[in-house]
Amino acid sequence: MKPNREKQVIALVDCNNFYVSCERVFNPALEGKPVIVLSNNDGCVVARSNEVKKLGVIMGTPAFKYRDLIKKYGIGVFSSNYALYGDMSQRVMETLAQFTPEMEVYSIDEAFLSLTGFNNLNRTEYARHIRSTIHKWTGIPVSIGIGSSKTLAKVANKIAKKNPEYDGVFDITEDPGIDNILASLDVSDIWGIGDQYAKFLNRHGICTVLQLKNADDEFIRDNMTVVGLRIVHELRGVSCIPLEMVHSPRKGIVSSRSFGRSVKTLAELRESVADYMAAAAERLRGQKSVASFVHVFIATNRFKNEPQYSNFITQRLPVPTASTQDLIKYALSNLLKIYRPGYRYKKAGVMLTGIMPDNQAQLDLFTPFKYRANRKIIMGAMDEINNRWGSDTVQIAAAGIGQLWQMRQSRKTPRFTTQWGELPVVH
DNA sequence: TCTGGGGTCCTAGGACCC
DNA sequence: TCTGGGGTCCTAGGACCC
């Protein structure tokens, strides 16, 4: 730790009900109406408008449980449209980047901005300006919290969201009433305190955030590891979780999906596994890496009262690779080893690990150079075409073309911003 | 009928080596 | 009879995030 470090000032910008807001940008009639967005397969509620939150709809609950409520209140229901949300996210982040040289894109709908050293300006005013610019340029409403650590910026953001009178911006830095605010919040409201830790802390008489801030370091360290201790220090205004401005490459890449209906045959499982592997390999090449291990898993529907089977298999590859063809070949031969007939499968997936930069991988003496070079050229061409004309323009034949197992997405809006054929029409 | 998908970090304990 | 100590690497499992 460097002593006398400059006091950090961090803003957390968080898009309000992001997926719902994206849908509203292209369908303004949804403004002020109750709206939800569902997870893949139209399974669970993953985004809720404020109107829906007020009705008591809980995040992550299976949508069918709200069938009556949806009908009664005329709730607008949408399948998730990740192509649209990803593109809107990029627009928001590009806009934010103009307001600070140091920024971390934390998730699809959140970013930390460093305001350290911005001493001569009224931070609240500046944040309001950021907020209105984002709204004007992208149509997305955001909330901004400012604090002297990431954890406190998160706290401030929560307060900004909860209290409409703050107009979407709250600065908790050097607020003399900070302890009163912390005393009014539950430990489970804190970033990094999940269900298990919240229960544990409650059992030991630590219920409010202020109590956590004043907790004994050794007790926290012993029971919540250094991760917990960092949180406590952050609450005290000591920044311990640095801004990560460069995106480090993924250490594992997972691609998996539940099926739209149950699947019994090996042929269909092969199609899905090949399809998921193609997606995983594309992401792998996107970060200029190769993988050394392939994992494959399949599972039946655990919510159903019927014979259950699930299995997982790992193979170390003879040579690390990013070639879709090779990775599919390994995945399919492993699938064959774990497949058992006679079950109704609900989910399959693949994972790539042992990931390293592609210029660091050990070469295999037995694979002719020409063969490897060809693979690279083919993959490069495939990625380029799919980038330009939309994913799935070129596919590997093993992924099949019927794809009856595909997930359900009965209420998906068009990919307005990423597919030429789905551009919105102005009348 | 209907229950998502993709990540991170930390620790304890075992295997192995000298 | 007596059975070391220190180090590294890997893995599984548990916690968390959006």
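Residues numbered from 1 in each chain as written. Chains lettered and ligands numbered in written order. Predicted model: local features only at pLDDT ≥ 70, side-chain atom pairs only at ≥ 80, totals over all residues. Heavy atoms only, no water.

Within chain A one finds 13 helices and 13 strands. Taken against the 2.2 N^0.38 rule, which gives 22 Å for 427 residues, the C-alpha radius of gyration of chain A at 24 Å falls within 12% of a compact globule. With respect to the principal axes defined by its C-alpha atoms, chain A has extents near 65 × 55 × 50 Å. Classification of the 427 residues of chain A by burial places 46% in the buried group. Sequence-distant contacts, at least 24 apart, represent 67% of the contacts inside chain A between residues at least 6 apart. By element, 54% of the accessible surface of chain A is carried by carbon and sulfur atoms, the whole surface being about 23100 Å². (Helix = DSSP H or I, 4+ residues; strand = E, 2+ residues; numbered from the N terminus. Rg over C-alpha atoms; globule rule 2.2 N^0.38 Å. Buried < 20%, exposed > 50% of the residue type's maximum accessible area, 1.4 Å probe, protein only. Contact = heavy atoms within 4.5 Å. Areas by Shrake-Rupley, 256 points an atom, 1.4 Å probe, with all protein chains shown as cover.)

Right, let's talk about helix α6 (residues 150-162) for a bit. The end-to-end C-alpha distance of α6, which contains 13 residues, comes to 18 Å, matching closely the 18 Å that a straight helix rising 1.5 Å per residue would cover. The buried fraction of α6 is high, at ten of 13 residues. Among the residues making up α6, those that are buried are K150, T151, L152, A153, K154, V155, A156, N157, I159 and A160. (Expected span 1.5 Å × (residues − 1).)

On to the protein's contact with DNA strand B. What surrounds DNA strand B is a group of 26 residues, the closest being V254, S256, R257, S258 and R283. Interatomic distance of 3.0 Å between a side-chain N/O atom of K304 and a phosphate oxygen of DNA strand B. The side chain of K346 places a nitrogen or oxygen atom 2.9 Å from a phosphate oxygen of DNA strand B. Going through the elements one at a time, α10 (217-235), β9 (253-263) and β12 (345-353) are the ones with two or more residues in the surface near DNA strand B. The dominant element in the surface near DNA strand B, judged by the number of residues it contributes, is β9, at six residues. (Near = heavy atom within 4 Å. Polar contact = N/O pair within 3.5 Å; in protein donor to acceptor, adjacent residues only side chain to side chain.)

This next bit is on the sheet that holds strand β7 (residues 142-147). Here five strands make up an open sheet; going across it, the order is β5-β6-β1-β7-β8 and the pairing mixed. Edge positions in the open sheet fall to β5 (103-107) and β8 (169-171), since each of these has one partner strand only. For this sheet, the mean inter-axis angle between neighbouring strands, taken without regard to orientation, is 15°. Strand direction decides the pairing type here: β5 and strand β6 (residues 110-114), joined by four bridges, are antiparallel. Paired with M103 across the bridge in β6 is L113. In the packing of helix α5 (residues 123-138) onto the sheet, the strands contacted are β6, β7 and β8, and the crossing angle to β7 comes to about 155°. Against the sheet, α6 makes contact with β1 (10-15), β5, β6, β7 and β8, and its axis sits at roughly 135° relative to β7, the strand it touches most. (Pairing = 2+ DSSP bridges. Axes fitted to C-alpha atoms, helices over the stretch in contact; angles between N-to-C directions.)

Running from N to C, helix α1 (residues 18-25) and helix α4 (residues 82-96) point in directions that differ by 95°, and their axes come no closer than 10 Å. In terms of orientation, α1 and α4 fall into the roughly perpendicular class. Where α1 abuts α4, its residues F18, Y19, C22, E23 and V25 lie against Y82, L84, Y85, M88 and S89. Looking at the contact of α1 with α4 residue by residue, the class counts come to eight nonpolar, one polar and one charged. (Parallel < 35°, antiparallel > 145°, perpendicular 65-115°, else oblique. Nonpolar A, V, L, I, M, F, W, Y, C, P; charged D, E, K, R; others polar.)

With that settled, consider the protein's contact with DNA strand C. Taken together, the neighbourhood of DNA strand C is formed by 13 residues, with S107, K154, G192, G194 and Y197 sitting nearest. Within 4 Å of the protein, the contacting atoms of DNA strand C are drawn from sugar and phosphate to the extent of 100%. One of the side-chain nitrogen or oxygen atoms of E110 is found 3.5 Å away from a sugar or linking oxygen of DNA strand C. Taking Y197, its main chain carries an N or O atom lying 2.8 Å from a phosphate oxygen of DNA strand C. Only β5 and α8 (195-203) provide two or more residues apiece to the surface near DNA strand C.

Attention shifts here to the pattern of salt bridges. Following the criterion strictly, the structure yields twelve salt bridges and no others. Several salt bridges converge on common partners, so that one network encompasses R128, R131 and D167. (Salt bridge = Lys/Arg side-chain N within 4 Å of Asp/Glu carboxyl O.)

Here we come to the packing of α8 against α10. Contact geometry for α8 and α10: axes closest at 12 Å, N-to-C directions at 145°. As α8 runs across α10, the sense of the crossing is right-handed. Of the residues in α10, those touching α8 at Y197, F200 and L201 are F219, I220, N223 and M224. Residue composition of the contact of α8 with α10, grouped by class: six nonpolar, one polar and no charged. (Left-handed = near helix turned anticlockwise from the far one by under 90°.)

For D42, which is not glycine, the phi dihedral falls at a positive 55°. Note that D42 resides in the loop between β2 (35-38) and β3 (45-48). Non-glycine residue T225 carries a positive phi angle of around 60°. With respect to the element layout, T225 can be found in helix α10. Look at T225 and you get partly exposed, because its relative accessible area is 37%.

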